[in-house]
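# Chain and residue survey
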Amino acid sequence: QLQFVESGGGLVQPGGSLRLSCAASGFTLDYYTIGWFRQAPGKEREGVSCISSSDGSTNYANSVKGRFTISIDKSKNTVYLQMNSLKPEDTAVYYCASALGATVQAMSIRHVWDYWGQGTQVTVSS
């Protein structure tokens, strides 16, 4: 079965950094676009960043541009999200998901994202 396992979340002070990992099993990342999403309490799930495994193109939400970097290690079948200069408003549960045959411009189109991980909590607080 297809599965994502997110890890790397935790508690960090404002201005700190975390690296999230999304390990895929049951499929290889070829031909998929992989996205990171987040959901804060009482808020809708929103796209954070995504990356195409085929051409390496990326997309970022305006709120994280310049602070977050998405990357992929195909040898480990894992996608990463490096989060720097974290702010309290980054606090959320972060999820990874896959979309077959979609471009990174589909980050905000919910129905194209087929498989989702269980999420990992990121809390940015003093």
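One structure accompanies this document, and this report is about it. (Residues numbered from 1 in each chain as written. Predicted model: local features only at pLDDT ≥ 70, side-chain atom pairs only at ≥ 80, totals over all residues. Heavy atoms only, no water.)

This paragraph deals with the nonpolar core. Nonpolar side chains in soluble globular proteins tend to end up buried together. The biggest cluster of nonpolar side chains holds 27 residues, and the ones touching the most others in it are F4, W36, F68, V79, L81, M83 and Y94. Broken down by secondary-structure element, the contributors of at least two residues to this core are β3 (18-25), β4 (32-39), β5 (46-52), β7 (68-73), β8 (78-83), β9 (92-100) and β11 (120-124). Broken down by element, the residue count for this core peaks at four residues, all from β3. Once residues lying within four places of it in the same chain are set aside, the contact partners of Y94 are E6, L20, W36, F37, R38, V48, F68, L81, M83, G119, T120 and V122. Counting residues in hydrophobic clusters, the runner-up holds ten residues, among them A97, V104, M107 and V112. (Core = buried A, V, L, I, M, F, W, Y, C linked by side-chain atoms within 4.5 Å. Buried < 20%, exposed > 50% of the residue type's maximum accessible area, 1.4 Å probe, protein only. Helix = DSSP H or I, 4+ residues; strand = E, 2+ residues; numbered from the N terminus. Contact = heavy atoms within 4.5 Å.)

Under the defined criterion, the tally for this structure stands at one disulfide. One disulfide in the model links C22 with C96; its S-S distance is 1.9 Å. Across the S-S bond linking C22 and C96, the dihedral sits near 75 degrees, which makes this disulfide right-handed. Of the two residues, C22 is situated in strand β3 and C96 in strand β9; the sequence distance between them amounts to 74 residues. Across the pair, C96 and C22 agree in class, each one buried. (Disulfide = S-S within 2.5 Å.)

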